Amino acid sequence: MNKKNITLILVGIILLTLQFNVHIGKIYFDIFNDIIAMVLIAIGGFPIAGRNVLFKKMRIMIVIGFILTVFGQIMNFVIAYSGGNNATNIITGLSTIANIYLTYYFTEGLILEAKFQEKSALTRSLRLIWAIYGILVFANFIAAMSGIPLIAIFVQVLSVIFAIYYCSSVLTACSHLYMDGLPTKHMDI
């Protein structure tokens, strides 16, 4: 594992968190497309899947998340052309599910890696940071469903700020966990 894998995953997580929908015709487009985010997470996440069992579960969630985001985009087109208006709610809901589960398995996988390397102090606060992040991602979905633009924007901004904090905390922990050339005895080869 190298810093590039972690960086791709974290950029994908930030893109999953960002929801900026633009209305073009009958269709809403998310400028920070979730499919692109899932591709970035897959590129970074598949190589680390062999490191521990939680990263393997994350790989499964990457595939499920990719399927959910593609399904959400397809539903967006179908609902828009059939005259419906709930497409953004479906896309936001599927994105929320993928985001919460992916970040959970990613965080827990990092905590397990730290335990294997006897560096648990590096990841001591990651569970709490992830819990707050997960709550904000879910609150973002609830705010988007409420239909009150001011609340939705406020919660979105708060979610993005905390996503950046979460990613910086993970990057800091990973810079100590995954130094180049550091062998790990538990890794499946």
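Residues numbered from 1 in each chain as written. Predicted model: local features only at pLDDT ≥ 70, side-chain atom pairs only at ≥ 80, totals over all residues. Heavy atoms only, no water.

## As for helix H1 (residues 3-17)
Helical periodicity: at 3.6 residues per turn, an α-helix aligns residues three or four positions apart in one direction.
Consideration 1: Under the 1.5 Å per step criterion, the end-to-end length of H1 is 21 Å for 15 residues, consistent within 8% with the ideal 21 Å.
Consideration 2: Residues of H1 that are buried include every one of Asn-5, Ile-6, Leu-8, Ile-9, Leu-10, Gly-12, Ile-13, Leu-15, Leu-16 and Thr-17, and no others. (Helix = DSSP H or I, 4+ residues; strand = E, 2+ residues; numbered from the N terminus. Expected span 1.5 Å × (residues − 1). Buried < 20%, exposed > 50% of the residue type's maximum accessible area, 1.4 Å probe, protein only.)

## Digging into empty space enclosed by the protein
Consideration 1: Inspection of the entire model under this criterion finds two cavities of 30 Å³ or more.
Consideration 2: The volume enclosed by the largest cavity comes to roughly 60 Å³.
Consideration 3: Along its surface, the largest cavity is lined by Leu-16, Thr-17, Gln-19, Thr-92, Ser-95, Thr-96, Asn-99, Val-137, Asn-140 and Phe-141.
Consideration 4: Of all the elements in the fold, those that place two or more residues in the lining of the largest cavity are H1, helix H4 (87-116) and helix H5 (126-146).
Consideration 5: Considering every element that reaches the lining of the largest cavity, the biggest residue donor is H4, with four residues.
Consideration 6: In terms of residue class, the lining of the largest cavity is built from three nonpolar, seven polar and no charged. (1 Å grid on protein atoms, 1.4 Å probe; cavity = no way out; pocket = protein on both sides within 12 Å on 5 of 7 lines; lining within 4 Å. Points joined across faces, edges and corners; volume = space filled by probe spheres on them. Nonpolar A, V, L, I, M, F, W, Y, C, P; charged D, E, K, R; others polar.)

## Quick notes on the packing of H1 against helix H2 (residues 34-45)
The relative placement of two packed helices is expressed as an angle between their axes plus a distance between the axes.
Consideration 1: Two numbers describe how H1 lies on H2: the axes approach to 7 Å, and their chain directions differ by 160°. Considering the angle they form, H1 stands roughly antiparallel to H2. Here H1 runs over H2; the crossing is left-handed. Touching Asn-5, Leu-8, Ile-9, Val-11, Gly-12, Ile-13, Leu-15 and Leu-16 of H1 are Asp-34, Ile-36, Ala-37, Met-38, Leu-40, Ile-41, Ile-43, Gly-44 and Gly-45, all from H2. (Axes fitted to C-alpha atoms, helices over the stretch in contact; angles between N-to-C directions. Parallel < 35°, antiparallel > 145°, perpendicular 65-115°, else oblique. Left-handed = near helix turned anticlockwise from the far one by under 90°. Contact = heavy atoms within 4.5 Å.)

## As for a nonpolar patch on the surface
Consideration 1: Taken together, the side chains of Val-39, Ile-43 and Phe-66 make up a nonpolar region of the molecular surface, amounting to roughly 230 Å² of accessible area.
Consideration 2: You can call Ile-43 partly exposed: its relative accessible area is 45%. (Patch = residues over 30% accessible without salt bridge, like charges linked within 9 Å, V, L, I, M, F, W, Y side chains within 5 Å. Areas by Shrake-Rupley, 256 points an atom, 1.4 Å probe, with all protein chains shown as cover. Salt bridge = Lys/Arg side-chain N within 4 Å of Asp/Glu carboxyl O.)

## Considering unusual backbone geometry
Consideration 1: The residue Glu-118 is not glycine, and still its phi comes out positive at about 55°.
Consideration 2: As for its placement among the helices and strands, Glu-118 is situated in the loop between H4 and H5.
Consideration 3: For Glu-118, a relative accessible area of 69% translates into the label exposed.

## Quick look at the packing of H5 against helix H6 (residues 149-177)
Consideration 1: One can describe the packing of H5 onto H6 by two numbers: an axis separation of 9 Å at closest approach and a directional angle of 155°. Overall, the two elements H5 and H6 adopt an arrangement that is roughly antiparallel. Note on packing geometry: the crossing formed by H5 with H6 is left-handed.
Consideration 2: Tallied by class, residues from the contact of H5 with H6 come to 20 nonpolar, four polar and no charged.

## A look at the environment of Glu-108
Consideration 1: Looking at the secondary structure, you find Glu-108 in helix H4.
Consideration 2: Taking C-alpha positions, Glu-108 is 9.6 Å from Met-58, a pair spaced 50 residues apart along the chain.
Consideration 3: Each residue touching Glu-108, except ones within four places of it in the same chain, is listed here: Leu-54 and Arg-127.

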